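Summary of the model geometry
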Amino acid sequence: MKKSESVNVCYSMCSCLILAIITFLVYYSTLKNGFLTGWDDQWMVFSHYTERGWTVNNLWHIFTDFYGGQYAPLAFLSYLALYTSFGYDAFYFHLFSLLLHIGCVCLMWKFIATVLYLHDKRNKNKALTIAFFTAFLFAIHPINVESVAWIGAVKIPLYSFFYLASALFYLRYVQTLHKMPYLMTLFCFLFSFWGKEQAITFPLFLLMIDWFLDRNLKNGLLWLEKLPFLTMALFGGFITILSQGYGSGTTTTYPLIQRIVFVCYSLIEYVTKGLLPIRLNYLYPFPFLPGEAMPVHLYIYLLICFGLGGCLWAYQKKRYLLLGVCLFIINLLFSIHLLPMSRHAITADRYLYLSYMGIAFLLAYALVLLHQKYRKCFYWILPVAIVYCVYLSVYTFTYIQNWRDTPTLKQHMKELIEKRPDYQNDPNAINNLLN
């Protein structure tokens, strides 16, 4: 091994180790939490799939059944493996979720570093720095607490882990054009979909990578290599639509114009929570019920999105800016209510888990840009950035306590309802969760 290669390996190992330690220190208190037996763990984790063992019949049903309106066989396999090894010991279930989150942090660092380096090999240090701070923000942000601290949401870090692994294999394929990285990309994509249906956006993610790396999008071979992914995504979308008919929830139906406003509302809410998380919660009801007139003030979200779209169009040649926006939007496409889905909440923190990578990337890029071009401003902003990171870490550490058990979580919900009377817009959903 050449000296430069050994240095790169050592740097990568040190970066991942630092990120892993930081993530563990912020999230280690999740290991003291129990099951949320009044918030989906009672049917997600404590299920017949978990307890029937490694029989052919049980595995067949795990991979073919639509359970509770979702198709997530990898999540149920993980519950089965943990139960078989440790029984219903919440410690090991939480440890598994935490290790998955640490894995996602490290894979995110590697993905961002690799894609930026392949885009511009002259600025390797810039790529590594942006990647590190992107992964660091992702590691400590409280928006991810729901996905990590809630055992029933393990499908989020599961799908994200294989999603990022698949993207890394694809980057390896782009570099070498060998068959094995390509096959591993397909393999990990399949596992990502088995984790959660949001993975069906992956073909768009690959096209984003092709665009950012200046691959010829007019080349027919490039589209031919995407055909297996598109086929799998279409099949996955069909399975997702079918699974909605087996859900325990109700499909909330709104007219198209209202759903378009909800798209804008959701995007702005996710951006706001990603930039400055305040009063995070595990339920964000629709702002009004089906059949009611939509409040006029919600149209402001439509105007804001049009304004932001105009700004992006004006700066369409800024590759890093557009990359961050794509990283943010792609994994939210099927979670922002453009299509009517079985949902009782307009937004959810867990849906932003992987998409937060885009917000974190833009913040990291802005910090590095300030350091490179505006040194005087940077030294004024650096203390603000440090305070911001401390705020995120402390918020995450304390917010985890709200997920200790069901009574604690619902008490937090009650306190929030008292502060936010508008949460009473959907009293049936609220009352069901608080009973």
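Described in the following lines is the structure provided in the data block.

The rules we used
- Residues numbered from 1 in each chain as written.
- Predicted model: local features only at pLDDT ≥ 70, side-chain atom pairs only at ≥ 80, totals over all residues.
- Heavy atoms only, no water.
- Core = buried A, V, L, I, M, F, W, Y, C linked by side-chain atoms within 4.5 Å.
- Buried < 20%, exposed > 50% of the residue type's maximum accessible area, 1.4 Å probe, protein only.
- Helix = DSSP H or I, 4+ residues; strand = E, 2+ residues; numbered from the N terminus.
- Contact = heavy atoms within 4.5 Å.
- Expected span 1.5 Å × (residues − 1).

Let's shift gears to the nonpolar core. Counting residues in hydrophobic clusters, the biggest one holds 129 residues, and the most contacted among them are Phe111, Ile112, Leu116, Phe205 and Trp403. Here the element with the most residues in this core is helix α6 (residues 90-119); it accounts for 17 residues. For Phe205, the residues in contact, after removing those within four places along its chain, are Phe111, Tyr163, Ala167, Leu327, Ile330, Asn331 and Met357. One finds Phe286, Phe288, Met294 and Ile346 within the second-largest nonpolar core, a separate group that totals 14 residues.

Further remarks concern unusual backbone geometry. For Leu177, which is not glycine, the phi torsion reads 60 degrees and is therefore positive. In this structure, Asp214 is a non-glycine residue whose phi angle is positive, near 60 degrees. For Asp214, the position within the fold is in the loop between α11 (202-212) and α12 (220-224). According to the relative accessible area criterion, Asp214 is exposed, its value standing at 51%.

Attention shifts here to helix α9 (residues 155-176). Between its terminal C-alpha atoms α9 stretches 32 Å, which fits the 32 Å expected from 22 residues at 1.5 Å a residue. α9 sits mainly inside the fold: 17 of its 22 residues count as buried. Leu177 sits one or two residues past α9 and shows a positive phi near 60 degrees.

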